[in-house]
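Summary of the model geometry
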Number of protein chains: 2
Amino acid sequence: MINPNIPAHPGMPVSDIDTPALVVELDTFEKNIRTMADFCKQKNIFLRPHAKTHKSVDIAKQQIDHGAVGICCQKVSEAEVFVNGGISDVFVTNEIVGPKKISRLVSLAERARVSVCVDNLVNIVNLAQAARQSGTILNVFLEVDIGGGRCGVQPGNMVLELAQAIHDSPQLNFQGLQVYYGKAQHIREFAQRKDALSQSLDKVTQTLRLLEKSGFTCPIVSGAGTGSYRFEAASGIYTELQCGSYIFMDADYGSVHGEHGSLLESYANSLFILTGIMSKSSSGMAVCDAGLKAHSIDSGLPMLRDRPSVSYRNASDEHGVLLDSDDSLSPGDKVYLVPGHCDPTVNLHDWYVGVRNGFVESLWPVSARGMIF
Amino acid sequence: MINPNIPAHPGMPVSDIDTPALVVELDTFEKNIRTMADFCKQKNIFLRPHAKTHKSVDIAKQQIDHGAVGICCQKVSEAEVFVNGGISDVFVTNEIVGPKKISRLVSLAERARVSVCVDNLVNIVNLAQAARQSGTILNVFLEVDIGGGRCGVQPGNMVLELAQAIHDSPQLNFQGLQVYYGKAQHIREFAQRKDALSQSLDKVTQTLRLLEKSGFTCPIVSGAGTGSYRFEAASGIYTELQCGSYIFMDADYGSVHGEHGSLLESYANSLFILTGIMSKSSSGMAVCDAGLKAHSIDSGLPMLRDRPSVSYRNASDEHGVLLDSDDSLSPGDKVYLVPGHCDPTVNLHDWYVGVRNGFVESLWPVSARGMIF
């Protein structure tokens, strides 16, 4: 029996997919994967894609098949899903605090190559102690705040103090720097984004010099995202890119300008919400079945695909109100939304429906959905 | 073995709950349930709480134990969870469109008392046909748009046409009107909210008169939410209230004024996100582990509980940046957030952690989490 909450099955025409569903256009998705893989090969830089975007073991494996050296994720519970799914090199690009989470992280390091970020002395001591107790080695990155104003030690002498503490812990293997500037990814104008990233690169350079002067070498300098990776790759400083969104893109990234036009010239939208029209009771509008529980509006409303006369006006929990200026929609019709923000949208769904040439080809579970611990 | 992704177990002190976790303060929660139940008893009006808020069979059962006549939900897949969980009277307060969903709805009606909304002639025909084929009776409410600008037929002659079509279908049992004005729930000022609801009540009254003149009686007039139910209850027209948020409340409802002060005077916040501090690298700020995947910011940012010097400044996917003006927070500390909007926040979690007097008392699954079909 097919689980009634799986929105489709392979071989089905796309018109039969139940709504609202998370749909991946496989041709575009695979081209996005290849484009980034080719870029990294050409620039001789490692790619460690961020799996917080997709939360899918199936997708992580495809990225690794195309040359990725491993994956990033943000939570220990996510890392467990990927290691259990067969991914052998996972970098938790985040601070892991508290005995329960640290114990889970260390257990995982017994079974896979696991790395983690630190920005605090007490946390370093706690990680070292847990690793010693289990006889495990943890790979550790020092996270430095290069402009994001979130986690990460401020550039300066505290960096040396933390590097020394890592160095003094035989169970902690110092890998280098986590230097990620999330907010910069989404700066709309190319020149402004370039300027912000140039300032962040200066901080990375200064930090590397400071560490080198004190005898600490950084084998890996890891960071960057879809909105910025060309800058980091060109810097000659970064050795590893952590881009995530490039596989899917979203409406927000559609507004970010590249040097010569939209970022979508290199990476096209491959992720959509297929939504059904439920109600068409007034002229000029229609109501679809994808609201706040089917896509995230934190970075703005979704766009319609191939429907220039329709726009998404507002979202309530289970409804989306569409402006339908030429009254082209009727109940039962299905339309595709480009979500405003791909990562939190994916986390609302249990299945990806992979489609090609009008038919469903694959169903992938969102394996790490809801893994927030 | 305890599933590592259950954030707590009964008997544990609250300080040991893993973060980020969805926590219910049981004393307050139970008082909220009783307050609404007492109100409805006193006013002699039925309560059919909206389970889209909590998505929990455990909570639905408590509401029914306190006199609720059944529950509402928004999706067929949600209704299935509640019927499977033992709830025998479920009203899907939404239009159900498309053969797959209609077939599931009709199957459910063979096992429980199931009601659904309609606002479209073709949909009425489709529901009637499916019910006839399975030999089932479906209870049908005519949804009328009384100001929400979402689903529902516009008041006027189309109402009669649809009522006639329902009446002409032996498999459809006309129950009355679904008249819900979602947006009005959140109008901040009491006088403005009262005015908006007064206009919507006029539309309900006119619609009832129109139907009565043509010989249609409406045994049930159902609607209302936490921000408005006192108006509907006082109207003498509504027979059934659909409030959902009153059990939990949220930061958004905290800004909605009652006649003499905040709505929180009657119903207090019982739902929180317990979040851990991960990073404290700069003066005046700290970073917590509850971002967009742990609470929804569609209706605004969360508030801090019992931490007047701390505020939530911005959310990224897995992080929350807190302003910590007196540097009171350290990594490993835990603080409680009042989510901006309870319904989509609950849908991000798999478990409720029920707490009382500083200890974990119960763990309830978010049984209908992700049920979007």
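Residues numbered from 1 in each chain as written. Chains lettered and ligands numbered in written order. Predicted model: local features only at pLDDT ≥ 70, side-chain atom pairs only at ≥ 80, totals over all residues. Heavy atoms only, no water.

A closer look at the overall build of chain A
The number of helices and strands found in chain A is nine helices and 19 strands. For 373 residues, the compact-globule estimate of 2.2 N^0.38 gives 21 Å, and the C-alpha radius of gyration of chain A, at 22 Å, lies within 12% of that figure. Dimensions along the principal axes, computed over C-alpha positions, put chain A at roughly 70 × 50 × 35 Å. Within the span of chain A, comprising 373 residues, buried residues form 63% of the whole. (Helix = DSSP H or I, 4+ residues; strand = E, 2+ residues; numbered from the N terminus. Rg over C-alpha atoms; globule rule 2.2 N^0.38 Å. Buried < 20%, exposed > 50% of the residue type's maximum accessible area, 1.4 Å probe, protein only.)

Considerations on the interface of chain A and chain B
Taken together, the contacts link 59 residues of chain A with 58 residues of chain B. Each partner contributes to the roughly 5100 Å² buried at the junction of chain A and chain B, and carbon and sulfur atoms together form 51% of this total. For the pair chain A and chain B, the number of links is eight salt bridges. For the pair chain A and chain B, the interface holds 28 residue pairs in polar contact (both at pLDDT 80 or more). (Contact = heavy atoms within 4.5 Å. Buried area = accessible area lost by both parts, 1.4 Å probe. Salt bridge = Lys/Arg side-chain N within 4 Å of Asp/Glu carboxyl O. Polar contact = N/O pair within 3.5 Å; in protein donor to acceptor, adjacent residues only side chain to side chain.)

Quick word on the pattern of salt bridges
For the structure on display, the rule yields 40 salt bridges over all chains. The closest approach of N and O atoms between Arg 305 of chain A and Asp 306 of chain A, which form a salt bridge, is 3.6 Å. Between Arg 356 of chain B and Asp 27 of chain B there is a salt bridge, with the nearest N and O atoms lying 2.7 Å from each other. Taken together, the residues Arg 356 of chain B in strand β18 (residues 351–356) and Asp 27 of chain B in helix α1 (residues 26–43) connect sequence positions 329 residues apart.

Let's talk about the sheet that holds strand β2 (residues 46–47) of chain A
Residues and elements named next belong to chain A. Pairing is parallel across the open sheet formed by eight strands, whose spatial order is β2-β9-β8-β7-β6-β5-β4-β3. Lying at the two open borders of the sheet, with one neighbouring strand each, are β2 and β3 (71–73). Bridge analysis of strand β5 (residues 113–118) against strand β6 (residues 138–143) gives four bridges, and the strand direction is parallel. The partner of Val 116 across the bridge, within β6, is Val 140. Of the strands in this sheet, β3 and β4 (89–95) touch helix α3 (residues 76–84), which is tilted by about 180° from β4. (Pairing = 2+ DSSP bridges. Axes fitted to C-alpha atoms, helices over the stretch in contact; angles between N-to-C directions.)

Structural notes on the confidence of the model for chain A
Confidence in the prediction for chain A averages 96 pLDDT; 99% of positions are at 70 or higher. Taken over the whole predicted complex, pTM reads 0.97, whereas the ipTM for its chain interfaces reads 0.96. (pLDDT = per-residue confidence, 0-100.)

Observations concerning the packing of helix α6 (residues 157–167) of chain A against helix α7 (residues 190–213) of chain A
Residues and elements named next belong to chain A. Two elements in contact, α6 and α7, have axes whose closest approach is 10 Å; the angle formed by their N-to-C orientations is 50°. Looking at the two axes, α6 sits oblique to α7. When you trace α6 past α7, the crossing you get is right-handed. Packed against α6, whose contacting residues are Asn 157, Val 159, Leu 160 and Ala 163, the element α7 presents Thr 207, Leu 210 and Leu 211 at the interface. (Parallel < 35°, antiparallel > 145°, perpendicular 65-115°, else oblique. Left-handed = near helix turned anticlockwise from the far one by under 90°.)

Considering the environment of His 66 of chain B
Take His 66 of chain B: it is sitting in the loop between α2 (57–65) and β3 (71–73). When residues no more than four places from it in sequence are discounted, the contact partners of His 66 of chain B are Ile 33, Arg 34, Ala 37 and Lys 41 of chain B.

Description of the pairing of strand β16 (residues 320–324) of chain A
Across a regular strand the side chains alternate sides, sitting on one face of the sheet and then on the other. All names here are of chain A. Burial within β16 is extensive, with four of its five residues counted as buried. By the bridge criterion, four bridges tie strand β13 (residues 285–288) to β16 in an arrangement that is antiparallel. Its bridge partner being in β16, Cys 288 is matched across the sheet by Gly 320. Sheet analysis places strand β15 (residues 310–315) next to β16, joined by five bridges and oriented antiparallel. Paired with Ser 311 across the strands is Leu 323, a residue of β16.

Some words on the sheet that holds strand β8 (residues 220–223) of chain B
Residue and element names in this part refer to chain B. Strand order in the open sheet made by the eight strands is β2-β9-β8-β7-β6-β5-β4-β3, with parallel pairing throughout. Both outer strands of the open sheet, β2 (46–47) and β3, are each paired with one neighbouring strand and no more. In the packing of helix α4 (residues 99–109) onto the sheet, the strands contacted are β4 (89–95), β5 (113–118) and β6 (138–143), and the crossing angle to β5 comes to about 145°.

Some remarks on the side chain of His 349 of chain B
Tracing the chain through its elements places His 349 of chain B in the loop between α9 (342–346) and β18. Judged by its relative accessible area of 2%, His 349 of chain B falls in the buried class. In this structure, His 349 of chain B is in contact with Ile 372 of chain A together with Pro 20, Ala 21, Leu 22, Ile 273, Ala 294, Val 366 and Arg 369 of chain B, ignoring residues within four places of it in sequence.

Some remarks on the relation of the copies chain A and chain B
The transformation that overlays chain A on chain B combines an axial shift of 0.0 Å with a rotation of 180°, and the residual RMSD is 0.0 Å. Overall, the copies show the geometry of a two-fold rotation axis. No C-alpha of chain A approaches the rotation axis more nearly than that of Asp 298 of chain A, which lies at 3.2 Å. Comparing interface residues between copies, 98% of those in chain A also sit at the interface in chain B, which points to an isologous, same-surface contact. (Least-squares fit on C-alpha atoms with pLDDT ≥ 70 in both.)

Observations concerning helix α1 (residues 26–43) of chain A
Residues and elements named next belong to chain A. Look at α1: 26 Å from first C-alpha to last across 18 residues, which is about the 26 Å you get at 1.5 Å a residue. Those residues of α1 not exposed but buried are Leu 26, Phe 29, Asn 32, Ile 33, Met 36, Ala 37, Phe 39 and Cys 40. Projection of α1 onto a plane perpendicular to its axis shows the buried side chains occupying an angular sector of 165°, all on one side. Residues Lys 41 and Gln 42 are exposed on α1 and point more than 90 degrees away from its buried face. Downstream of α1 by one or two residues, Asn 44 has phi in the positive range, about 60°. (Expected span 1.5 Å × (residues − 1). Arc of directions from axis to C-beta.)

What to know about unusual backbone geometry
In this structure, Pro 20 of chain A follows Thr 19 of chain A across a cis peptide bond, with omega equal to -5°. Looking at where Pro 20 of chain A falls in the secondary structure, it is placed in the segment before β1 (21–25). Its identity is not glycine, yet Ala 224 of chain A carries a phi of approximately 80°, on the positive side. With respect to the secondary-structure elements, Ala 224 of chain A resides in the loop between β8 (220–223) and α8 (229–235). In this model, Met 249 of chain B sits at a positive phi of 60°, which is unusual for a non-glycine residue. Mapping Met 249 of chain B onto the fold places it in the loop between β9 (240–241) and β10 (257–258).

Thoughts on the packing of aromatic side chains
Residue and element names in this part refer to chain A. Counted according to the given criterion, the structure contains 20 aromatic pairs over all chains. Geometrically, the ring pair formed by Phe 39 and Tyr 229 is edge-to-face, given 4.9 Å between the ring centres and 90° between the ring planes. With Phe 39 in helix α1 and Tyr 229 in helix α8, this pair connects stretches of sequence that are 190 residues apart. Comparing Phe 39 with Tyr 229 shows no difference in burial state: the two are buried. Centre to centre, the rings of Tyr 229 and Tyr 267 are 6.2 Å apart; their planes meet at 70°, and the pair counts as edge-to-face. Linking Tyr 229 in helix α8 with Tyr 267 in the loop between β11 (261–262) and β12 (271–279), this pair joins segments that are 38 residues apart in sequence. Given the relative accessible area of 2%, Tyr 229 is considered buried. Among the aromatic side chains, those forming a connected cluster through ring pairs are Phe 29, Phe 248, Tyr 352 and Trp 364. Residue placement shows Arg 305 over the ring face of Tyr 336; its charged tip is 4.2 Å from the ring centre. (Phe/Tyr/Trp six-rings, centres within 6.5 Å; stacked < 30°, edge-to-face > 60°. Lys NZ or Arg CZ within 6 Å of the ring centre and 35° of its normal.)

Remarks on the environment of Cys 342 of chain A
Residues and elements named next belong to chain A. Tracing the sequence through the fold places Cys 342 in helix α9 (residues 342–346). Residues Cys 342 and Ser 245 lie 97 residues apart in sequence; the distance between their C-alpha atoms is 7.1 Å. In contact with Cys 342, not counting residues within four places along its chain, are Thr 53, Ser 245, Phe 248, Met 249, Asp 250 and Leu 271.

As for the pairing of strand β13 (residues 285–288) of chain B
Residues and elements named next belong to chain B. Going residue by residue along β13, you find Met 285 and Val 287 tucked away on one face and Ala 286 and Cys 288 tucked away on the opposite face as well. Both strand β12 (residues 271–279) and β13 contribute to a ladder of two bridges, which runs antiparallel. The residue bridging Ser 279 from the neighbouring strand is Val 287, located in β13.

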